[in-house]
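Here are the chains, one letter per residue:
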Amino acid sequence: MNNWAKLLPYWFLLFTIGFGWFILAPLVPLLGKSLGVGTPSVLLLVSMYGYTMVVLGLLAGWISAKFTVKAAIYYAAAISIIGLIGRSLFTSNYTGFIIFQIIAAAAYPLALAPVGSVADSISKEHAHTIIGVSVGILFLGLAFGSFLGPGLTSALSMSGALWFTAVLAILAAIWVIPGIKGYPTNYKGKSLHGVFKVGMIKNWWIGLSIASMSVMFGGIASTMLLHFHYPLSSALAYGGLLGGLAFLGSALGAIILPPIFEQYKAIRAGLILTSLLSLIFVTTLAYSLGFGPNIGLLVAAFFLFGFFGNAFWSMALTSTTRYVSDPAQSGFATSMYSVITNLGVAFVPVFLGPEFAVDAAVGVAVVFAIELIAFILSPMLKTSEAAPAKASTGRKVK
């Protein structure tokens, strides 16, 4: 079986996880009414996927190392089905819905956190391409969920739209069970001792800076448009459009750019270029939202920040695998990166986002400073592979 063909069931699983996650975003008002809760409680449902990455990300990496990456993917497929079916049954009961949403969300870290092991076990020399496309397809699922959610709800009802996500998850599992049997298992049970390297902190800052800004601006777009006296209907419509474009840009950027830079052996140049363009477009985005929205400018800035920012994020993620020498440890390295990234998503938008409505100058300055540091760090990331550990007489390999 061709190695690239082995990735197709895994990629489809990631797509269904993203789709099931963000189909909720445009349905927030309907969910609130159906579940009998306020907007903050519904937004908690959407955020649950990020929280599960923080809590379970390292566990997912450990599972992929100790029991092979196939085990983590099988668990992800099974858990996604259980969670998505369960929440479809509790559309009028918030307690039941959030319990099964937590279960569904647990599939996200199990499937994505150990992506480094997937990449290294399939083709280490094409790790940037595999990780970039994997991350991109997850975001493509997010974008399609956001774009198609309202239409599916109109055609099938809200309950029908949620059942549609469960059906997709079942199809993904049916494909995954036979589809990943050929994944290598020769690294089963490897030690995780010494996986952490101080240099990874640079990568973590970049992951945190890009992801937190993406989520923050997607979350405050409608609020800031209302702040500048846009009608409610227009603010909500534009907010959904901008968020969807950011995800679409993120998907395309991660799928297109890392393979190009890898093909031409220009990963370091790609890191610098994408970090610079991310800095430019996120600053443009922040300034326009903070000091007077221009919709045309925001459409371009949201899409382009997503396009270049997620390519930068993806390559920084792959860079963490260069600190270790075998696929088992690669999965744990990418899991640590994912956990720190989602810690940023959990805290930065909450504290920095409201600042734009209070003092936009402070908000823009902080955004610029965070992304400037990421740009400065970009040429320092590790791009060469770690040397394999060698045993010496009388000593154990660490």
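Use the structure listed above.
The paragraphs below set out a description of the structure included in this document. Source: prediction; values computed, not measured.

1. Description of the overall build of the protein
What the protein contains, in helices and strands, is 15 helices and zero strands. Computed over the C-alpha atoms, the radius of gyration of the protein is 20 Å, within 12% of the 21 Å expected from 2.2 N^0.38 for a compact globule of 398 residues. Reported as C-alpha extents along the three principal axes, the dimensions of the protein are approximately 75 × 45 × 30 Å. Split into buried and exposed, the 398 residues of the protein put 57% on the buried side. If you take every contact in the protein between residues at least 6 apart in sequence, the share linking residues at least 24 apart comes to 84%. Per element, the accessible surface of the protein, about 15700 Å² overall, is 71% carbon and sulfur. Across the protein, the 19 positively charged side chains and the 8 negatively charged ones have centroids separated by 14 Å.

2. Some thoughts on the environment of Val-282
The residue Val-282 is located in helix α11 (residues 267-291) in this model. Considering only alpha carbons, one finds Val-282 and Phe-217, 65 residues apart in sequence, at a separation of 9.2 Å. Aside from chain neighbours lying at most four places away, what touches Val-282 is Met-213, Phe-217, Phe-305, Val-367 and Glu-371.

3. Considering the packing of helix α10 (residues 232-263) against helix α12 (residues 295-320)
The N-to-C vectors of α10 and α12 enclose an angle of 40°; their axes lie 6 Å apart at closest approach. As α10 runs across α12, the sense of the crossing is right-handed. Looking at the contact of α10 with α12, its residues break down into 21 nonpolar, six polar and no charged.

4. Some thoughts on the nonpolar core
By size, the foremost hydrophobic cluster in this structure holds 123 residues, and its most contacted members are Leu-13, Met-213, Phe-217, Phe-302, Phe-356 and Val-367. With 20 residues, helix α8 (residues 127-179) is the largest single contributor of residues to this core. Not counting residues up to four positions away in its chain, the partners in contact with Phe-302 are Phe-217, Gly-218, Ala-221, Leu-242, Ala-246, Leu-285 and Leu-289.

Reading the values: the criteria
- Residues numbered from 1 in each chain as written.
- Predicted model: local features only at pLDDT ≥ 70, side-chain atom pairs only at ≥ 80, totals over all residues.
- Heavy atoms only, no water.
- Helix = DSSP H or I, 4+ residues; strand = E, 2+ residues; numbered from the N terminus.
- Rg over C-alpha atoms; globule rule 2.2 N^0.38 Å.
- Buried < 20%, exposed > 50% of the residue type's maximum accessible area, 1.4 Å probe, protein only.
- Contact = heavy atoms within 4.5 Å.
- Areas by Shrake-Rupley, 256 points an atom, 1.4 Å probe, with all protein chains shown as cover.
- Lys, Arg positive; Asp, Glu negative; His and termini not counted.
- Charge placed at Lys NZ, Arg CZ, Asp CG, Glu CD.
- Axes fitted to C-alpha atoms, helices over the stretch in contact; angles between N-to-C directions.
- Left-handed = near helix turned anticlockwise from the far one by under 90°.
- Nonpolar A, V, L, I, M, F, W, Y, C, P; charged D, E, K, R; others polar.
- Core = buried A, V, L, I, M, F, W, Y, C linked by side-chain atoms within 4.5 Å.

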